[in-house]
Each structure stands twice: as C-alpha cells, then as structure tokens.
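Structural description and commentary
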Amino acid sequence: CKDDLAEINKNPNEAETPQPAYLLTSTIKTTADSYWGVSNNLASSLLFVQHWARIQYTDPDRYIFTNNDFTDGWSTWYSKSISQLKIIQSLAENSGNDNYKGVALVLQSWIFSLLTDAYGEIPYTQAGNIDEFLTPAYDTQETVYKGLLNDLKMAQGLLNTDSEGIAGDILYGGDITSWKHFANALRLRFALRIADRLPDLAKSTLAEITTEGAGYITSNAENARLIYEDAPYRNPVSSSFEAREDYRVSKTIIDKLRALNDPRLAVYADTTQTATPEQYIGVPNGLTSSDASNLGFARTSRPGTYFRDPHAPAVILSYAEVLFGLSEAVSRGFITGDATDFYQQAIRASLAQYNISNELIVSYLQQEEVQFDPQQYKKSIGEQKWIALYGQGLEAFAEWRRLDYPQLTPAVAGVLGGKIPLRFLYPGTEQSLNGKSYGEAIARQGSNTLLTKLWFDVE
Amino acid sequence: HAQTTALRGAVVAASTGEGLPGVSVQVIGSNTAAQTDAAGKFSLNVPSGSQLRFSYIGYTEQVIVLQSNQSYLEVRLDEQENALDEVVVTALNISKEKKSLGYSIQEVKGTDLSEAKESNLVNSLAGKVAGVQVTNSQGNMGSSRIIIRGETSIAGNNQPLFVIDGTPVDNSQLGTSGNRDYANAISDINSEDIESMSVLKGPNAAALYGSRAAAGVILITTKSGSKRKGLGISINSNNTFERVAVLPDYQNVFGQGADGKFSYVDGKGGGINDGVDESWGPKMDGRLIPQFYSNGEAVPFLPHPDNVRSFFGTGRTLNNGIAITDATDKIDYRFSYNNSNQTGIVPNSSIEKNNFNLNTSYKITPDLTLTANANYVRTNSGNLPGVGGFRSNGYMLQFTWFGRQVDVNRLKNYRDADGNLVNWNNSYYSNPYFIAEENIVQQQRDRIFGNVGLNYKINDFLTANFRSGNDYYTDRRKIRIAYGTNGTPFGSYEEDAYTVNENNTEFTLNYNQPLSADFRLDILAGGNIRSQSRQRNDQKAPRLAVPDVYTLANSRDALVSLGEYSSLKTYSLFSSAQIGFKNYAFLNLTARNDWSSTLPVDNLSYFYPSVNASIVLSEAFALQSDVLSYWKLRGGWSKVGKDTDPYNLIDSYIFSAPYSDSPQLTVNDIKKNPDLKPETTTSAEIGTELALFDNRLRLDVSIYDINSINQILSVDVSPSTGYKKQLVNAGKINNKGIEVQLGLTPLRKNDFQWDVNVNFSSNKSRVVELDEAGDLQSYTIGSSGSAQVLASVGQPYGMLYGTAFLRDGDGRIVVDANGIPTTDPVNHYFGKFTPDWLGGITNSFRYKDFDLSFLIDIKHGGKIYSGTNATGTGTGVLASTLPGRDAEHGGLSYTVGDVTYDDGIIVDGVNADGSENAKIVSAQQYYKARYRTNEPNVFDASYVKLREVKLGYHLPNRWISKIGLQSASFALVARNLWIIHKNAPNIDPETAFNTGNAQGLESLQLPTTRSIGFNLNVKF
C-alpha cells in the first residue's frame, strides 16, 4: 500500500528532471524582463540618469521610495536567474557539456554585477546554495568583482566552439564565438568598473584577454540583446505604455541631443502629439505631480517608437560600449592603442545601432562638441556613453556614478537635499529574513539609504 | 363540587410553533390527565381555577393556572437547556449524551441559523459560539473565514473541517488571488435543511476525523424524514434588503486636482491636472471650471457628498423553499428545494442558488437500514462584484482615487452619443458603471454531495455500519474585460475551471454492552479510505482580437494556459471506546493511524491517540438541590497528526509557453523537502458545566493549551538562497485560552420568558520556534504593499510589521530638510491581528406568541492595516485630510515666489540635528507622507456590533388549524444592523482579502452591508 500511495504523490503538473536548454531560455527571458522592466529600469535608474522622466505620479522621479520598491530585482535575479543558472551548471557538470556551464557562468556574472551595482554588498559566495546557506552572508563589492572576473575567466576557458553545442539560447542562437566575445566584453566592463579601486587587477585582466585572444564583440550584429516577440512576450516598455502613460523623455537628454544636433534624437523621442515648434519636448526630472501634469501629456515627447515597439530589444551589452571601454582603457594606460579612434568608433557604432546614415554620422563626428578630449577622457566618454546607453538604465546609472559625467542637476522637487540616489535600497524583507547578514552588511557599507556611496564609486 | 369546564387546547414547541404530540397534561391534585394528539391538541374536563401541569421529555415543564371559564388554552413549551440527558451529535455522526463527553462541544439549532439568513452559512455562527471567530471578507457576496480557538497552524489551513451527516464536505476558497472574492464552498449549504450544528472545538473533540480536524470540526446534521403532520409540507420564504453600512468619511470641501488646480479637457492630462485622480484640487465653492460632462464649458464646481453612496444600490435576497416530509414504518424521507436569488449592492451583481436535498432511510429488514442523503446545488452568478485594487474592476479603488466633485449620476450613461466611453478620469479608470456592466465575472458551481449508508444490527450489542460519502463539484468562472477598458485597451477573456472530488468510504463496527449493573462499554472500530482530487484548467486570451466577443479563440496573442491536477489518498484505522460507570462517570479513549500519500514513504504512517473523561458530580455525590441542578467536570488530552499537500517532496520545474521555438522551464519558488514528517498538534483541555436554580443559570467553562510542533512550513527565505520559500518541518506554536458560555433565564413565566446567552473566549498564541537552528526569525503570512503580517519567534501569531516614522529618543518624529516626516529604514512591529477576546451576548424574550432576540457581537483588540485609510489620505478624499488644507481648517500661510498659500502645516517634530522643526510644508505633502508610511494607517480592529435582531410571531394554533395549517410564523429579521462601536476610521474593521491566514490587512474594501427583511414559515 505504501508504494501505491507514493505513486499517487508523483507530481503530474511539473517536471522533476530539468532540461538545461529550457532553463536557459527562461533564465534569459526572466532576467531581461526584470532588467528592462518597470522596477529596475523605467521607475528608477532611467529616471536617476535622466534619460526618462515621469509625467504623472512623480514620486520615483523625486526619489521618494520605500524599502519595498526595489524587491523585484533582488527577488527575481536571485530566486530565478541565479538559482536556474546554478542548476544549469550542475547539470552541465554531470553531462560534461562545458559550453552550458560557460554560458551559465557568463550570464551569472552579468546578473551578480547588476545586483552589486544596484545594492552594493550582496550575497555572492554563499548565494544560491540553500542546502548549505539559509542565511547567506553579504560580500563586499571588492570580493564580488574579484570573483566575477575569476568566473568569467573560467567561463572563457570552458566555452569552446569545438565542443558539444547548446540549445535554448535566445541571445546568440547557440553561437559560442559570440558568447566568448560577450564574456570578454563583460570582463572589460568589470575591469573598468573597479579601475579607480583596483587598477592593477583591471590592467592584468585586460592583458589576459589580449593574451587569450578570443576578442570582444566585433559589431552591432553581435550586441548582447534579447529581441522581444509578440504578446505575451512583449518588451516590458511596450506593455507599460499599453497600460499607462507614466513616462516621457527627460528634458536633460533631449536638450543635450538637440544641442549636439544628434540624429539619435528622432529615435530616442517621439515628436509631441500636439504639434509644437520644438517638435521634441522633454520633461524636467522630479517635478511635483501637478507641475508635471501642467506640461501636458500631448505636449511632451514619449520615448521613441523604436523603444515602445513590442519587439524592441533589451540591450545588455553593445558594441559601442566595448569601444568606449577600449578608449577609456587606453586613456587609463591599461592597454595600448588610439583612444580617440576608439571613441569615434564607439560613437559610429552607437549611431549605426539605430540605422543612422553614414553621412549623418560623419557630420555628427565633425562637430566641435563631439571631439574627444584626452585630458578629460572621463567627460568625453562619460557624456557620449550616457547618450549611447539610452534605455539601459542600470548600466548608465553605474557609469554615471563611476565617471561622474555627465554632470546632472538633481530632480527639481527631489527629496534628497539636492542629491541624486547613489544606489537602490535593500528590500525590507531582508531585515526579517536574513537579519544578521543584512546587519553586518549595513555596518560595513553604511545605512540602507539611497545616498550611501558604494565601493566602486570613488568620487 | 367545583364547576367543570370543557377545556380544549394545543401544546406547541416554543421554537417552531409546531404541535407537540404526546405531551402529558395533568390537573394538579387530581387524577385527571390527558395526552396531546399527533397535532399537539388535547381536550379535558377540568374544574375551573385548577392548575395544569404540562410535561414532556426534553422540554421545560410548565404549570398554568386556569382562569375561570377559560375554554381554550395554548401552551408553548421551551426546550430544556443543558438537561442531564441532552444528546449531541459527535464525531462519525454518533449521538452521545453530552454528559459523557470529556471535551467542549456546543450546539446551534437550525432555527437559529435559518430565520435571519446569511448568504454565507459561516456568517450565521458569528457571536453564537464561544471560541469561534468569524470574519466576513467584504461586501455581502464573498467569502467568510471561521477559526476555532485561534490559529494552531502557522502556515496551513486553520479553518475547521465541515462534516454533513457524517461526510466531510469541502470548504475551500478556490482562486483567492484574483480580483473577485469567490465565496468559500460551504456557502452552498441551505440553512433551511439544517437540523443542528455541533461545534467540536480543538483536536480533543476530533481525533476520529483525522488530520483535518486539528482545527476543530463543525458537524452539520440535516433534517430527516419524520412522520408527517397534516400534509407534511413546509414552506419558507425569507426576503431581505441590503444597504451599504460603512463607507469612508469623505471630505466635501476640495475637488479633483493637485496643488489647488484643476480644469478638465480630456481626463488624461490634456487639461490642468485632469489626469490626476486625487482631490487636492480647487475648493468646491461653486467656482466655474470645465468638467467631464460640460464639453469644455465652465460650470460650477460643487461637492456631491453622496457620490460614492449613490453608486451602490439596494441589494435584495429572495430566499424561497419548500420541504416535504413523511415516514412510515419502513421508509422515511424529506425532500427540499430552495431557491435563493441575490442581487448585490454593486450594480449588475447577482448570485442565484438552487438547492435540492433528499434525505431518506429505508428499513430493508428490521435489522438492516439503508440511508441515503443526496444534494444538488447549483450556484450561478451573473456577475460578482470586483474587489481590491484592480483598475479594470475595482470600484473602491476608483472611489478612493477620486475627485470629490464627481457626480456619479452623470456617469450612468457611460457612452456618449458617438459611442465613446465617458468618465471623470481617463488615464487610469474606466467608468464604474461600464465596468459593472461589461467587465463581469460569471461563476457557476454545480455540486453534488451526499452519502449512502447501510446499518446492520447484528445483535443487541453489535452494529455494523458502512457509509460512502462523496462531494463533487465543478466551479467555472468566465472573466471578461471589455475592449476600451483603461489599462487593458484590448480587453481580455479568461475561463477558469475547477473540478473537486472527495470520497470518504468508511466501515465501522459498534459494540455497546452493559458489563454489569454499573458499568457500560461502548466500543467502536473502523477504517476509512479518503481520496481527493482537484483539477484546474485556466485559459486566457490576454488581448481580444475583436471587441465584445468573449471566446478564447478571439485572441490576438497565444493563449496563456495553466493546468493543475492533484490527488491524494489516505488510509486510516481508528477505534474509540467509552466506559461508563453508573451513568455519571465516563472515560473515553480514541486511537487512529493514518497512512497518507502526501508524505515520504518512510514517514507516511502516523498514529495519534486521545483520552478524556467526565464526571457528573451532581449525580455522583447526590449534590442536587434547589440551588444546584447539575455539575460536571471534564478533562482530556489529545494528539492529532497532520499530513501535507500533495507534491511537496521533490523539487519540480514549471513549464511555460515556448519563447521563440524554445520551451521554457522555471524553477519552483519553493524548495521542496524529501524528509517531511507529519505535523503534530497536542491539546489538553479541562472544563466544567454547571447548572443552578432549576437550570436558570447555566455555565460552561473550558481552559485549553494547544501545542503544534513539526509544522510543515513553506517559510519565506531570503531570495539570495536561490528560492523564495523553503518547506521545512519545524515551527512550534502554542495557543492557550479560555472559553465561557453563560446562560441565564432571569424570568420564566407562562407568557413571558427572558433568556440571556453570553459567550466569551480569549486565546493567546505564541510562536515558539520556526526552525531548530534559529536561523529563521519570521515567517511571512501575508503582505499588502510594505505592510507585512508575520509569525515571528517569541511573538503572538500574526504580527503586523512595516514602515514607521523615524523618531528621536523622545519619540518625536524626525523630519527631513523640507520639514516632511522621514521613514525609519528599520521596520517596526505594530501588534497582532488576532483579537484579545471575543464575546457574544444574545438576549431573547418570548411573550405569548412573540419572540424577540438580539445578538451583540464583540471583538476586542487586534490590529488592522488599512489600505483605504492610507490611500484616502494620500489622495485627499478623506475628511481626515481637511485639517491644515486652508486657513479655515487651520492651514498656515506661506509664500513661494510671489504666490501666497494658506495650506501650510508645521509637522510636530524635530530636525535631524535635534532642533525643533519650523519648516512649513503644504498639507498635500504632509498627507502624502502619511500615506507612504504604514504606521499611521494601523488601527485597533475592535468592534461591537448589533449582529442580529429577530422579532417573530407564531400565529396561534387555534387560528391556523382552521385553515389546515400546522404552524405559521412570521419574523422580522435584521443582520449587521449597527456597528455600535469601532476604533478604525473609514472602514469596517471586520474585513479580509480572503479566508487565508493573511488577516489584519485591508485595502479598498467593498462596503459592508446591513440587511433587513422578513421570514415567513408555514407548515401544512
């Protein structure tokens, strides 16, 4: 009778043996949704970096948050993304498929970097291992970044175009070469992230990449991005705009693009619904709801149709970013090369990403304001990278903190005493669920407020 | 010789008005006596002025002095309370003398449930039974939760098991996360069919029902066939009318807008603040402003104080039923049909119920009896009212984010001449009448339940019983969102279908034998097989292809589908024994072993015993006197093992529709556990029952201590572990409490009787441990925004936890540089949702043929987090946001640029450096800060309610018998007439999202209703 009873308790609804390919698909999809979605992007980082602004319910644009507002990334990235990637790695170890393991490590490194850039200290070494660590300790950003560079190096070694392939890869369609390029592009990103703290490690990392020889992302065609599909797998921005009209393009970036005659203006923003002489009108960040409302929905620019399209890509890492990175690495003396050339290539790549014609690119690059200033490479790169990262709120937020350019004016009616947030708040639930580790992290890093400066953010 | 009179008369039961057959009528001091006939009638020659004694088993004896020349007499006998030989229905549908039980049991009569009807049966127990807490979720069409003796399971089901005529029936609330509050399944039961309900409290009473009885059992005995009087037909008609009872206290000074400005163009930002769905706008002083109905013309901006109230209509419940009963020597039956037709206070909401019940037994031979009980219930809802914060159909969401100047009557025609939707706001909401008419949820539940049994009397001592009971239902919901609904522009359509089946098949042997003159033995042994299966199939077209056609195929996108199937099986062997000594001392023992499919093979068998005893001291020591009528002591100890839900052992991965061409698997949020052990609840209870002064004072007191250990908890863990929850076999919770029932009969005369029934209960819970290592300090029971309900170690069950204002050492609020209160980054505890104590007082009066009773229901203590108060404060619609909003309401004057405002507030608080705050903030900013923080929105949830009032009239037997009636009664009934006292503003503190454990949270509740109506009962 016991066997009968055990048979009855066999789960008929869910799979008990997971498939790495199917887990990989859902991991990429779930992570991208959260990365590009409301909580982490639209209603927070895109506002902080003044790509977008709120036209109604302006609290987040005024930096009014509770410790419940940043649970999405924390919860999704750990309990779905990291969890599944760990399972893929263990399945890969059992089956001996190194490419699954390598891909999982690359994605895992990216996701940990999203977490640490947003929150600061995070569980890393003890994360995603519930059998051993029910209350994972938080690691310092230094530990996390050192670990991630190590993980990516290992991933680079595992990824092999000659080995057994992978399926379910909705980023690169199973192209291992591209994964190797993406892995190195992330190493470049991380090396620069810690450049002000650990320049030697940054430099040696880039040297290793050169030695290994796999190279970086080579063209816009190789950009790491998820291209969305029809509903229900639409781009989160498209879903958001179908349901509500909360966002407009920020006045800061529209004014900047206009000042630079930047052809990306027509891509980044829509013309106002009610015709206006300026055609494109941005909304100042952090107005009171009343002031924002007074500007009028129809007389301010929505984000461009390119971004509101159901199929719009969620860009994770672009060719342009790699080139900006190389320019900075040269400027910092980490590698040799022509910083100006890399910088110009980066701008070309960014404009080409939006199918802007070569003529317009050439005339854009000829402008005085667009010239590279090696003496102030942080300013040149910071401003152009900020434009190139439009829509990638989290990365733009991290780079703005690190490079301190462009210099942004805080929200008009902000509540942080004339400052812009420097991090996300840990979710309130960490206090009750992982109180001791949380307490230790707070003690090291500083209180759980929006203005606590993170380790990588030196100035 | 005194003159004799020919006296005729009738004796009827006071509670039902029906004639009582076989009542002995005796002239005191003589041998003259008579008995009533089948209709309760008698005739007798008596000397005038003599005294007559009317006595009948189970009823209080009455003596009546005849008036001279009196020729007709109608006597109403009251049923005896707490009599020595009171019989109650106990586990497995076995009737036992109450005195023999070592645990607390309380019975509620069918008439107490059916006259002042509730659409949800559970509600009618509120305030009537000590230790029972009933929470009506919201509105009057939804679910209700019932808890006996507090929450004993941290995460599992805490509601009692419902058993009808020996067969467990389902009381699930399926689909609790949507935007409708679907009624729990026991609401299918027709209260007219109920003979009595026994409430078995705590596991002591319930060891024989197995796992699910750990939280108590409610045993329902339905009316059975009996030898008919007259035609044997009874008709009942109950009609009630419902109106909104509690609405928030709105302000009627300021209208829609922000910063005092508003002008309507298109309702979505085209005008000045016309996309703002808040009332921080201009004063409603008749100034001229374009509004949604005025086509751009400036019209007077005026308050409409009743704008929310006038949206809600009068609900109506028509409840009509007929029952036919008869019995012969071989067969008896009772058939009933009941139709209930309810229209809600929300426009276009309705529920119709049709109940068929057949209860019959047939003596195949004198020793072999076949019984059958069959019920068919169809519950059909044309549309259930939307609840909570859903834009597509949340009424109170829209009315709490509201323009106070809006005249809802102008919204009734929700399309203009061109067919465009009209609303006061177009950026978030759709017209409330439009959503009531078009965004509907239909529900149809078809349910068949009942049982067949065979009873074979093997000899005088031994009886064999076989019973198989089944409860099967399908519950289908069709959820429409119309094209053009704000936020869901293409609409959607969803079909959600559940199928639930449970079978209990049982065989018992009963041995009942006097062992000697003093000792009696009653042994029962049996076995049970329980099989349960549930199925769900949910399909959704997320966006419709064309408007107004509601089929799944009419979809723009791939359908989103969900299928779930679960089944479980339990085998059980059980036994109970009762040893009785001299009819006043009793020892009861039970034992049960279960084998459950839901547990790991090594742990799936578990045993649990119970023991209890009772002694009737008044009999044992011959203590009876004029003062002491009855005194019993009782006590017991019991243990109940409990299994878990199916599929909790092995990690599993959830499928979702392919992305590109790649199927998707997602890790389950819950880390499963292959080593689960059964949960164990042990309970110790002692009690006493006392009757004094000829039963005119009756007291029943119980004290209990319940420990639940090894609880199977799906505990929240930090997501950084890779999971959101983990199934653990840990957790200890202790509940201690006291229950008191007091019955008083202050007055008892032939024509007049006054009874008072008081019940009181107090339960204290404490979460002792969540895991052995002590890593887990809190378990999240539920949350609403940043407010959480926790089971925290060392604290009572159900603590509210959330954000509070930052305060300095003296408890003063710390403000930021702008003078606005700041939120403490550390969350705070605000107290538990569970009450300190519950009480109910029923006063009933009988004067001749009139009955009057009223029930006062009290809940004292407990906290509630109110989302209505939070939101209404943020949006400025509540009257509590008036202080400081202009000079008239105490606002301070301040100047920004060259504009002077008069809505300044200086928050009583200190700056970060400890200096006194002197910054003026606008009222709008201040109230927004109160909205964002949980602390100011947590309230005491106590209430005192006038729960029920009944005024009944039994038509005198002598009148009705002439027109062929057996009895006729008429009653005026009212439910939830008056909230006599509450501390939580703007809401009814008795509220919940659903019947789960996450109580103490309120958000945008539908208003509760009061109902008034009448009940007519006629027997032919």
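Before reading on, note that the structure itself is shown above.
Residues numbered from 1 in each chain as written. Chains lettered and ligands numbered in written order. Predicted model: local features only at pLDDT ≥ 70, side-chain atom pairs only at ≥ 80, totals over all residues. Heavy atoms only, no water.

**Quick word on the sheet that holds strand E41 (residues 778–784) of chain B**
Residue and element names in this part refer to chain B. Which entries qualify depends on this criterion: Whether two strands pair comes down to DSSP finding at least two bridges between them. A run of H or I in DSSP becomes a helix once it reaches four residues, and a run of E becomes a strand once it reaches two; helices and strands are each numbered from the N terminus. Here the axes come from fitting lines to C-alpha atoms, over the contacting stretch only for helices, and the angles between their N-to-C directions go from 0 to 180 degrees.
What the four strands build is an open sheet, ordered E41-E42-E43-E45; its pairing is antiparallel. The open sheet has two edge strands, E41 and strand E45 (828–832), and neither has a second partner. Recorded for the sheet is a direction-independent mean angle of 30° between the axes of neighbouring strands. Sheet analysis places strand E42 (residues 787–792) next to strand E43 (residues 797–802), joined by four bridges and oriented antiparallel. Among the inter-strand pairings, Leu-790 is bridged to a residue of E43, identified as Met-799.

**Here's the deal with the nonpolar core**
This is how the line gets drawn: Grouping buried Ala, Val, Leu, Ile, Met, Phe, Trp, Tyr and Cys residues that are joined through side-chain atoms within 4.5 Å yields what is termed a nonpolar core. Throughout, exposure labels follow a simple rule: accessible area from a 1.4 Å probe, protein chains only, divided by the maximum for the residue type, with under 20% read as buried, over 50% as exposed, and the rest as partly exposed. Note on contacts: a residue pair qualifies if any of its non-hydrogen atoms lie within 4.5 Å across the two residues.
By size, the foremost hydrophobic cluster in this structure holds 180 residues, and its most contacted members are Trp179(A) and Phe182(A). If one sorts the elements of this core by residue count, helix H5 (residues 98–119) of chain A sits on top with 13 residues. In this structure, Trp179(A) is in contact with Val103(A), Val106(A), Leu107(A), Leu159(A), Ile166(A), Asp169(A), Leu171(A) and Tyr172(A), ignoring residues within four places of it in sequence. Counting residues in each nonpolar core, the second largest holds 43 residues, with Tyr264(B), Phe292(B), Val387(B) and Ile435(B) among its members.

**Points about unusual backbone geometry**
Going from Ala231(A) to Pro232(A), the amide bond is cis rather than trans, its omega being 5°. A cis geometry characterises the amide bond from Tyr405(A) onward to Pro406(A), with omega recorded as -5°. Take Pro406(A): it is sitting in the loop between helix H18 (393–403) and helix H19 (429–433). Positive phi is not limited to glycine here, since Ala622(B) has a value of about 45°. Along the chain, the position of Ala622(B) falls in the loop between helix H4 (617–620) and strand E31 (628–642). For Lys848(B), which is not glycine, the phi dihedral falls at a positive 50°.

**Quick word on the pairing of strand E8 (residues 87–90) of chain B**
All names here are of chain B. Here E8 pairs with strand E9 (residues 94–97) via four bridges, running antiparallel. Looking across to E9, one finds that Val-87 is bridged to Glu-97. Hairpin connection between E8 and E9: a loop of three residues separates the two successive antiparallel strands, and Leu-92 in this loop has a positive phi of roughly 60°.

**A look at the sheet that holds strand E52 (residues 921–922) of chain B**
Backbone-to-backbone hydrogen bonds pair the strands of a sheet. The strands run either parallel or antiparallel. Residues and elements named next belong to chain B. With antiparallel pairing, the three strands of this open sheet are ordered in space as E49-E50-E52. Two strands in the sheet have a free side with no partner beyond their single neighbour: strand E49 (892–896) and E52. Summarising the sheet, E49 and strand E50 (residues 899–905) pair through four bridges and their orientation is antiparallel. By the bridge assignment for E50, Thr-895 is matched with Thr-900.

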